[in-house]
Structures are given as C-alpha cells and as structure tokens.
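# Coordinate inspection notes
These are the residues of each chain, in order.
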Amino acid sequence: MSIEPSGSSYLGIDSTPNHEGWIKKALNLAVKAYEIGEIPVGAIIVKNNVIIGQGHNQKEKLNDPTAHAEMIAITAASNTLRDWRLEDCSLYVTKEPCPMCAGAIINSRISNLYFGAYDENKGCCGSLYQLCGDKRLDSVTGVKGGILEEACSSLLQDFFRAKRK
C-alpha cells in the first residue's frame, strides 16, 4: 500500500538512501519495546547519515501517555542538536504516527518521515488523515510509508496476539 499526499509527489523525498536499513534499526528498537511489554514501535532520527535520536514506546514503563517512540526520538534528537528545529532530519518509525506524534513532527520541522506499517485506525500520515505535508498547517514534511511494511506489521500483530492470550 502506498499513499501519496494529494498533489505532493511525496514532497520531494529522495528515493536513493537506504531507507530499509534505517527502518531495520527502528525495528530493533521496536523489539526492545516488545520485550518489556510495550506496544512494539521504534523510531530513529537521522541527520547527515548519523542517528541523532532514537526511542521506543515507553508509555507503560513511564506511566506517560506521551511516551511514544517518535516523541522520545524527537526529544533525544533535539537534545543532541541543542535545537528544537530538526530541519534536514529524517524520522524513521515502524508504524504510521498518531495525531499527537504527527503534530510533534510538524512542530519540530522534520524534513522527511519514513514509516513501515500503516495504521488504518489512528494513522495521521496517510491512512486516516494526512497531517504531515499539509500546507494548511505549514508542514513541509515529506512522507513515505510502507517500508518493510510486512515485518513492521507482523511484529505488531504478534504482540497483540500474545496480549489476547
């Protein structure tokens, strides 16, 4: 599945970098979340081919509804750069961001978002809504989903299947 924001042509996203390699690194973080009983989502932020922030879901561990992988990665990257503006940075995350995370992506001015699994129920970067890249929100974030989608979706499905038992 590939969703392109209307009239955007993926907003100029470069298709040459090793997006699968970065998503694999985010998947490793998602596995860490899985192992501690968190919904398995992992995220990394890359600038100039270097990881400057990373995170995995920690809502249960921290008793914090905002402790999503993307939020933790954004905070880490901002601390690394000593700047809340994450221009010229790319975020790689294993699941399509929710409305809260999409808002943080826009507000932090992340240039590109790449994600694995689509989220038809809460996804706000192509599935349910398209907040990232929405010019009405002054967003310039390019979006590309479905990278290693099967692996990212399988990890989430396995987690929820195990939780139901």
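Our subject is the structure that appears above.
Residues numbered from 1 in each chain as written. Predicted model: local features only at pLDDT ≥ 70, side-chain atom pairs only at ≥ 80, totals over all residues. Heavy atoms only, no water.

Turning our attention to helix α3 (residues 69-81). Each α-helix turn comprises 3.6 residues. Residues three or four places apart therefore point the same way. A rise of 1.5 Å per residue sets the reference length of α3, with its 13 residues, at 18 Å; its end C-alpha atoms lie 18 Å apart and thus fit the reference within 8%. Among the residues making up α3, those that are buried are A69, E70, A73, I74, A77 and S78. Buried residues of α3, seen end-on, are gathered within an arc of 160° and therefore sit on one face of the element. Elements that come into contact with the buried residues of α3 comprise β1 (42-47), β2 (50-56), β3 (90-95) and α4 (99-107). Remark: R82 follows α3 within two positions and exhibits a positive phi of approximately 55°. (Helix = DSSP H or I, 4+ residues; strand = E, 2+ residues; numbered from the N terminus. Expected span 1.5 Å × (residues − 1). Buried < 20%, exposed > 50% of the residue type's maximum accessible area, 1.4 Å probe, protein only. Arc of directions from axis to C-beta. Contact = heavy atoms within 4.5 Å.)

A few words now on the sheet that holds β1. The 5 strands lie next to each other as β2-β1-β3-β4-β5, forming an open sheet whose pairing is mixed. Looking along the sheet, the strands with just one partner apiece sit at the ends: β2 and β5 (142-144). On average, each strand axis in the sheet is tilted by 15° relative to the strand beside it, whichever way the strands run. Direction of pairing for β3 relative to strand β4 (residues 112-117): parallel, over a ladder of 5 bridges. (Pairing = 2+ DSSP bridges. Axes fitted to C-alpha atoms, helices over the stretch in contact; angles between N-to-C directions.)

With that out of the way, let us pick up the nonpolar core. Here is a general trend for soluble globular proteins: nonpolar side chains tend to be buried in one another's company. With 38 residues, the main nonpolar core has I45, L113 and C132 as its most contacted residues. Those elements giving two or more residues to this core turn out to be α1 (19-35), β1, α3, β3, α4, β4 and α5 (149-164). It is α1 that provides the largest number of residues to this core, a total of 5 residues. (Core = buried A, V, L, I, M, F, W, Y, C linked by side-chain atoms within 4.5 Å.)

The final tally for this structure, using the stated rule, is 5 aromatic pairs. When the ring of Y92 is compared with that of Y114, the centres are 4.8 Å apart and the planes differ by 15°; the resulting orientation is stacked. Placement of Y92 in strand β3 and of Y114 in strand β4 is noted, with a sequence separation of 22 residues between them. Here the two residues Y92 and Y114 agree in accessibility, since each one is buried. Cluster of aromatic residues (ring-pair linked, three or more members): W22, Y92 and Y114. (Phe/Tyr/Trp six-rings, centres within 6.5 Å; stacked < 30°, edge-to-face > 60°.)

Read these as layout, nothing more, since geometry by itself doesn't imply function.
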